[in-house]
Amino acid sequence: MRKLLSLTLMALAGSVAFAGGYRVSIQGQKQLAMGHTGVAVVGSAETAFFNPAGMAYLENKFNLSVGGSALMAKTRFQNSQYNWTASSDNLGTPLNLYATYRLTDWLTAGLAVYTPYGSAVEWEQDWQGAYLVNNIDLKAIFIQPTVSVRIGEHFSIGGGPIYATGSVNFNRNLQPAGGVLGNADVTLDASGISAWGYNVGMMFNPTEDFRLGLNYRSEITMEARGGEATFADVPVIAQGTFSNTKFDADLPLPGEVTAGLSYQVTDKWLVAFDYNYTLWSVYKSLDVDFEKADIPDSKNPRNYKNSSAFRFGTQYIANDKFTFRAGYYIDESPVQDGYFAPETPRNDGMGFTGGLTYQFSKNFGVDVSFLYLHFDEIDNSYDYYTDGSSFGGTYKSSVFSPGIGITYGF
């Protein structure tokens, strides 16, 4: 079952992912409001995630950013040939906490805690696509201690390890409707999953107003061992085969490279651009194996392709109380034609963002952000299920996400 957990994350992505595949790109209210740019922006402790090299240039000795968002996602499915309709309305709550502390003039330490994968997706039980997915509930937290080293006035590097921990619960039917197993389904549950990766970045400031940034976040493979597989509604004739058992699974979380720039046009006006390239090609197949030898294996190709995102953002400091932000990004889908499963009912997308900061004092401010993400309507199918069947139709998806956070520094 090497890619079972990938399926669960893909199901999540179907409604609430923002960087292709199953990646949830909401890692800070300030930078989200600027189109989720940040690899070459230095403004708050959020830089611990976007590019740890930037921590060395923060003005305050101590910086703290804490925030959260509400992800309200809608997906609609229709197959006019068979008059099938289905919908999935879901709510996610990604959170983040970042802190930095300057130890010396050239060395800064930081901590990033965030949830790049985590929410729930639920279709109606036993719907027409139930043999691919009914529902999933995924929880994942990344903990990332970092250091930033300033080398002279114009260059810095930073990075550190990433510890990922989480759990997953996933349910699907065993075969398409009308099969000999009826509506029999399996629930797969695994907790205490953990793995390690790393993050490294650099920043170059050729002039006082111009910054260049580069960041790499490694692939992380999360290994679930001894998860619980529970079967339900199995006909009596098949209960000897489809009985509760254990499963193992590996989940590849893809590596990604982000490069970008920012330019301080005036004392009040900043513009930024990020280019993100995510190595989705690690997701080759959804292969399901059970510990019990007589339960049939299931091997389902996914063949994701690497994808790009283009992000644009701007910030304007109106006065000592208000700062306004806006952004836009284009997000390419990694899903190829013929591999379009309801775990990822999304196509290329466009994100529109905005927000502001109200500074209560020199040290304390409140950040507000919003995101509207529109996915292009797509008519596509999944043609590689184990029994040779095909499932497809028209998908429409969108997401709205308001967020709030606080920043503190001294």
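As the structure is a computational prediction, the values presented were derived from the model and not from experiment.

### Some thoughts on the confidence of the model for the protein
Thinking step 1. In the predicted model, the protein carries a mean pLDDT of 86, and the fraction of residues at 70 or more is 90%.
Thinking step 2. In the predicted structure, residues 1-22 sits below a pLDDT of 50 and forms 128 contacts with residues beyond four places in sequence or in another chain.

### With respect to the side chain of Asn276
Thinking step 1. You can see Asn276 is positioned in strand β14 (residues 269-278).
Thinking step 2. Overall, Asn276 belongs to the buried group, its relative accessible area being 2%.
Thinking step 3. At 2.9 Å, the side chain of Asn276 and the side chain of Glu256 are in polar contact.

### Focus: the nonpolar core
Thinking step 1. One finds Met222, Phe231 and Phe242 to be the most contacted residues of the largest nonpolar core, which totals 59 residues.
Thinking step 2. The residues touching Met222, leaving out its near neighbours within four places in the chain, are Ala164, Thr165, Gly166, Ile193, Ser194, Ala195, Ala249, Asp250, Leu251 and Leu253.
Thinking step 3. Judged by nonpolar contacts, the second largest core, of nine residues, contains Ile26, Leu32, Leu373 and Val399.

### Examining the packing of aromatic side chains
Thinking step 1. Overall, the coordinates contain 30 aromatic pairs when judged by the stated rule.
Thinking step 2. Residues Phe231 and Phe290 carry aromatic rings whose centres are separated by 5.8 Å and whose planes lie at 50° to one another, so their mutual orientation is tilted. Of the two residues, Phe231 sits in strand β11 (residues 220-232) while Phe290 sits in the loop between β15 (285-288) and β16 (298-301), which places them 59 residues apart along the sequence.
Thinking step 3. Take Phe231: its relative accessible area is 10%, and that puts it in the buried class.
Thinking step 4. One aromatic cluster is present, formed by Phe77, Tyr82, Trp84, Trp123, Trp127, Tyr131, Phe340, Phe391 and Tyr395 through successive ring pairs.
Thinking step 5. One Lys or Arg, Arg211, reaches over the ring of Tyr57 and ends 5.3 Å from the middle of that ring.

Cut-offs and rules
Residues numbered from 1 in each chain as written. Predicted model: local features only at pLDDT ≥ 70, side-chain atom pairs only at ≥ 80, totals over all residues. Heavy atoms only, no water. pLDDT = per-residue confidence, 0-100. Contact = heavy atoms within 4.5 Å. Helix = DSSP H or I, 4+ residues; strand = E, 2+ residues; numbered from the N terminus. Buried < 20%, exposed > 50% of the residue type's maximum accessible area, 1.4 Å probe, protein only. Polar contact = N/O pair within 3.5 Å; in protein donor to acceptor, adjacent residues only side chain to side chain. Core = buried A, V, L, I, M, F, W, Y, C linked by side-chain atoms within 4.5 Å. Phe/Tyr/Trp six-rings, centres within 6.5 Å; stacked < 30°, edge-to-face > 60°. Lys NZ or Arg CZ within 6 Å of the ring centre and 35° of its normal.

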